[in-house]
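Summary of the model geometry
Here is what each chain is made of, one letter per residue.
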Amino acid sequence: MTITWRRYLRFWGTDVEGDIDDELRFHIESRVQEALDRGASPEVAHADAITRFGDVAQVRAVLRALGHSTVIEQRRADRLDELRQDVVFAVRSLRKSPVFTAVALVTLALGIGANTAVFSVVRGVLLKPLPYPDVDRVSMLWVRMTGLGYPRGNISNAEVLDVQARTRAFAAIGVFRGYGGTLTGRGEPEMIDAEQVSAGVFAVLRTPASIGRVFTADEDRRGQGGVIVLSDAYWRRRFGSDRAILGQTLQLDGRPRVVIGILPPSFTFEKSDAYIPLEMNTDSLVQQRGWHNFHAIVRRRPGVSLEQANAQLDALGANLRAELPKSYPRDMGFGLFAQPLHEALVGNVRHSLLVLLGAVALVLLIACVNVANLLLARAESRQREFAVRVALGANRGRLVRQLLTESTILAIAGGALGALLSAWGVRALLAVSPGAVPRSESVHVDAIVLVATLAIAVVTGVAFGLLPALQAARPELQSVLREEGRGTSAGRARLRTRSALIVAELALAMVVLTSAGLLMRSFWRLQHVDAGIKPDNVAVMHLTLPRARYADFGGAKRFFAELVGRVATIPGVRDAAAAMSLPMKGYANWDIEVEGHPRVPGEASPSPMPQFVTPKYFAALGIALRAGRYLDERDNDARQQHVVVNETFARKLLPGGAVDRRFRMTGDSAWMTIVGVVADVKMNGLDAEPLAQWMVNIAGADSVGSFLRDVWIIARTDRDPTSIVPAARRELFAMDANVNFSDATTMEDVLSRSLARPRFTMLVLASFAGVALVLAAVGVYGVIAYSVSQRTREMGVRMALGAGRGDVLRLVVGQGVRVAALGITLGLAVSLVASRLLSTMLFEVKVHDPATYLVISALLALIAFAASIIPARRATRVDPSIALRE
């Protein structure tokens with residue numbers, strides 16, 4: 001019986017096939033030997049042994065399967081055991097270096113936490129689908145009038161009916177517009193943000209009420225809409241989640257409305273408190289085609305693509321232009337188009353968020369470079385340990401795996417800390433500039449975000465740990481074991497590697513810093529744009545009169561006049577006025593006809609923006625007079641309307657002089673005489689060009705402004721403007737206890753809100769730039785300090801041979817400056833390309849703005865110089881005698 005030698009000399013693992021053959025051979029030969037001992041011939045003995053043993057091939061197959069399964073299980077157990085050993089050793093090793101571990105964890109937590117926070121916002125705003133069934137078939141319906149400078153605008157009721165009747169692409173269409181009113185009937189009166197919606201809105205969004213029901217098409221007919229549906233958030237806040245509110249009657253602007261339903265929490269359409277029937281007026285549609293005062297959403301039929309739907313809308317627009325040339329002249333550039341709902345809601349914030357995501361990814365890379373440098377320095381101090389392990393037979397692959405385990409554990413721990421920071425970071429991002437991020441209610445650190453954080457941590461751990469692990473696994477055994485590692489080629493190679501990493505880190509920091517610098521410069525210019533007003537010490541208060549109790553338009557105007565008079569008597573108020581809209585709030589544009597300038601067929605009518613005001617409006621906002629006079633009590637007579645126009649109106653429509661010239665609304669017979677020209681006021685945003693605008697006294701605006709019930713009260717004060725709001729509210733309650741201000745703030749706050757989105761992007765990117773700058777400074781300091789520690793003997797020799805402290809200082813600082821110069825140069829080249837992504841986000845600043853690049857380059861160079869000075873001064877204090885003995 002023979003057993004092969006490989007069963008005893010197993011240097012390369014288990015040989016299942018050989019073991020099975022040996023074992024089978026052993027058993028068969030044993031039986032053969034037994035038969036031979038009984039006197040059988042060799043042939044008979046062998047045949048008898050095979051017969052007694054059974055099917056050898058089947059036994060071999062069963063044993064092979066069992067053997068391979070056992071080997072796989074054993075290998076899995078061995079690997080898990082090795083992993084356990086690696087993890088235990090890594091944790092023990094990291095605990096022995098608390099300073100290194102703490103610095104690395106904080107660095108990684110900042111990088112991973114910032115990425116997690118920004119990804120949470122990107123996921124909630126851009127990636128998470130809207131909570132409506134088959135939302136990919138839902139679109140916003142827009143009107144374009146490119147000839148008038150409106151690439152996207154609201155739609156008129158007549159055009160809504162045209163789309164319903166003359167296209168076949170849409171299964172449902174819904175129309176809506178904002179509505180602010182006073183809700184009474186249970187508790188104190190409250191101004192709410194409501195939405196007037198057609199029944200088609202719920203059909204388009206396919207969202208039933210969670211409690212009760214939504215209203216029907218019959219309830220949406222004019223004069224029939226005495227119902228109201230509440231949002232889930234408002235129901236819980238105002239009525240304490242009381243289901244008994246269903247069927248109760250509330251008063252909205254004095255009109256009774258029965259609560260018929262509560263919408264689910266996921267229904268955040270327009271973020272309103274309540275929804276009431278639109279009751280759209282379908283009378284005199286031809287005259288109402290120019291009143292683009294509605295928003296519309298549509299649901300495409302199954303099988304109809306967005307391109308096919310837009311083709312039908314293009315055809316409809318062409319037909320309307322041909323059929324109604326007066327309503328849609330050729331120069332107007334009229335058309336209709338559909339835009340995916342998600343895209344319409346997100347708007348241009350998509351670009352800003354993707355820029356921030358790219359910037360925060362660069363910050364994470366910078367953090368990785370810093371930790372990689374820390375690991376390189378740590379690996380350098382452990383070279384003797386690695387050399388001993390390799391000399392004793394440790395596999396270099398196992399050594400690399402051990403070091404990667406340490407870096408991965410470090411990254412996962414940093415990721416866990418970063419996930420905790422990200423929860424705070426998300427709140428901070430949304431609080432940086434309230435209102436800047438659409439769909440903010442969808443932004444959460446959820447399970448998917450946490451999984452993404454774990455993935456980022458693992459990838460990060462491998463990314464920053466691989467290079468140090470590979471270098472540490474190749475120690476120079478003889479020099480390290482003789483403690484002669486300093487100054488070797490391996491040491492110089494590691495120094496070059498660390499310097500290259502810092503060059504990359506500075507280049508990445510340069511990209512983030514220049515991007516932040518361009519946005520900061522742009523935002524500074526935006527903040528210093530002349531809005532045409534003096535916003536300091538101005539209080540503004542918004543209110544809406546109940547339509548049921550103020551059906552008499554004359555009564556509404558008298559109410560406003562009396563309220564303005566009462567506010568003007570409040571101590572501290574210098575001037576008080578009422579206005580239909582405010583700067584930054586905008587309004588619809590109305591077509592006009594200028595006297596002496598008849599419209600040429602095919603030419604679009606001028607369409608300036610109206611503003612209905614009381615005479616002190618100009619004094620309250622500090623609007624400068626350019627020609628003629630302001631409005632005053634002489635302009636109260638509706639029989640002879642006087643108006644004031646802005647400079648853009650006068651320049652574009654009446655270049656020969658505007659005062660005493662006349663114009664009228666298209667289709668109206670009453671002429672309005674211009675009595676003054678005032679400075680342009682930014683109505684549609686600080687970054688928008690001033691639009692032509694005309695202003696008329698509310699008291700004398702019967703022909704065009706008789707519908708006004710929604711106004712702003714404006715008060716210029718000689719003290720803190722918010723201090724007069726309680727007194728103004730008392731005066732309002734004294735006139736009507738069922739009316740309240742829906743918004744009371746300052747004009748400075750209104751201007752600040754208009755900058756919410758650019759402020760958000762600028763502040764977040766600036767914070768990332770600050771982190772990048774600190775990490776870059778730490779990185780430069782670390783490399784120079786490491787270089788000094790490696791060149792201690794060299795410094796001693798230089799000083800022993802006569803080099804002065806200034807020479808050593810210049811040598812060390814020069815190394816840092818060279819590294820910084822290379823990194824800054826490389827970063828400049830990358831920044832010049834990357835900055836093009838910011839072109840649509842800048843205001844009066846070029847993407848290649850020389851001043852920004854010069855300042856950022858100087859700042860980085862200064863930081864690198866400062867980071868080099870500390871180790872350089874340490875090098876000048878080296879004692880040559882001590883250095884030469886080391």
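Residues numbered from 1 in each chain as written. Predicted model: local features only at pLDDT ≥ 70, side-chain atom pairs only at ≥ 80, totals over all residues. Heavy atoms only, no water.

Attention now goes to the confidence of the model for the protein. Here the protein averages 81 in pLDDT, and 85% of its residues register 70 or above. For residues 1-12, every residue scores under 50 in pLDDT, and the model assigns this stretch 16 contacts once sequence neighbours within four places are set aside. Counting interchain partners and residues more than four positions distant, the pLDDT-below-50 stretch residues 477-490 has 20 contacts. (pLDDT = per-residue confidence, 0-100. Contact = heavy atoms within 4.5 Å.)

Okay, the packing of aromatic side chains next. Enumeration according to the criterion identifies 14 aromatic pairs in this entry. A centroid spacing of 6.2 Å and a plane angle of 80° characterise the contact between F559 and F560, whose relative ring orientation is edge-to-face. Summarising the burial analysis for this pair, F559 and F560 share the class buried. Both rings, one in Y617 and one in F618, keep their centres 5.4 Å apart while their planes meet at 80°; by these two values the pair is edge-to-face. Like Y617, the residue F618 is buried in the burial classification. Aromatic rings pair up to connect Y132, F176, F202, F215, F267, F269 and Y275 into one cluster. The positively charged end of R152 is found above the aromatic ring belonging to W142, 4.2 Å away from the centroid. (Phe/Tyr/Trp six-rings, centres within 6.5 Å; stacked < 30°, edge-to-face > 60°. Buried < 20%, exposed > 50% of the residue type's maximum accessible area, 1.4 Å probe, protein only. Lys NZ or Arg CZ within 6 Å of the ring centre and 35° of its normal.)

In this fold, D253 is placed in the loop between β7 (249-252) and β8 (255-262). According to the relative accessible area criterion, D253 is buried, its value standing at 1%. Sequence separation between D253 and P546 is 293 residues, and the spatial gap between their C-alpha atoms is 3.6 Å. (Helix = DSSP H or I, 4+ residues; strand = E, 2+ residues; numbered from the N terminus.)

With that settled, the discussion passes to unusual backbone geometry. With a phi angle near 60°, S241 is a residue other than glycine that sits in the positive phi range. By the secondary structure assignment, S241 is in the loop between α7 (232-239) and β7. A positive phi angle is found at E844, which is not glycine, with a value near 55°. Checked against the element boundaries, E844 lands in the loop between α24 (805-834) and α25 (850-876). For E844, a relative accessible area of 55% corresponds to the exposed category.

What follows covers the pairing of strand β21 (residues 710-717). Among the 8 residues in β21, 7 count as buried, and that is most of the element. With 7 bridges joining them, strand β12 (residues 538-544) and β21 adopt antiparallel strand pairing. Bridging across to β21, A539 finds its partner in A715. Note: strand β13 (residues 573-579) against β21, 6 bridges, orientation antiparallel. Bridge assignment links A578 to a residue of β21, and that residue is I713. (Pairing = 2+ DSSP bridges.)

Relative to the helices and strands, R257 resides in strand β8. We note that R257 is buried and unpaired, the nearest opposite charge coming from E279 at a distance of 4.2 Å. Looking at R257, its side chain comes within polar contact range of the main-chain oxygen of V227, at 3.4 Å. (Lys, Arg positive; Asp, Glu negative; His and termini not counted. Salt bridge = Lys/Arg side-chain N within 4 Å of Asp/Glu carboxyl O. Polar contact = N/O pair within 3.5 Å; in protein donor to acceptor, adjacent residues only side chain to side chain.)

Before going further, it helps to spend a moment on a nonpolar patch on the surface. A cluster of nonpolar residues, I412, L454, V458, V462, L466 and L470, forms a patch on the protein surface that exposes about 440 Å² of accessible area. The element that contributes the greatest number of residues to the nonpolar patch is helix α13 (residues 447-472), accounting for 5 residues. With respect to the helices, strands and loops of the structure, L454 is situated in helix α13. (Patch = residues over 30% accessible without salt bridge, like charges linked within 9 Å, V, L, I, M, F, W, Y side chains within 5 Å. Areas by Shrake-Rupley, 256 points an atom, 1.4 Å probe, with all protein chains shown as cover.)

Glancing now at the pattern of salt bridges. A complete count under the given rule lists 24 salt bridges for this structure. With a shortest N-O distance of 4.0 Å, R525 and E844 are connected by a salt bridge. Of the two residues, R525 sits in helix α15 (residues 489-527) while E844 sits in the loop between α24 and α25, which places them 319 residues apart along the sequence. Looking at R525, the relative accessible area reads 28%, which means it is partly exposed. The shortest N-O distance in the salt bridge between R626 and E647 comes to 3.3 Å. One end of the pair, R626, is in strand β16 (residues 625-628); the other, E647, is in helix α18 (residues 647-653), with 21 residues separating them in the sequence.

Inspection of helix α21 (residues 747-754) places M747, V750 and L751 among the buried residues, and these make up the whole buried set. Each buried residue of α21 sits inside an arc of 95° when the element is viewed along its axis, so together they form one side. (Arc of directions from axis to C-beta.)

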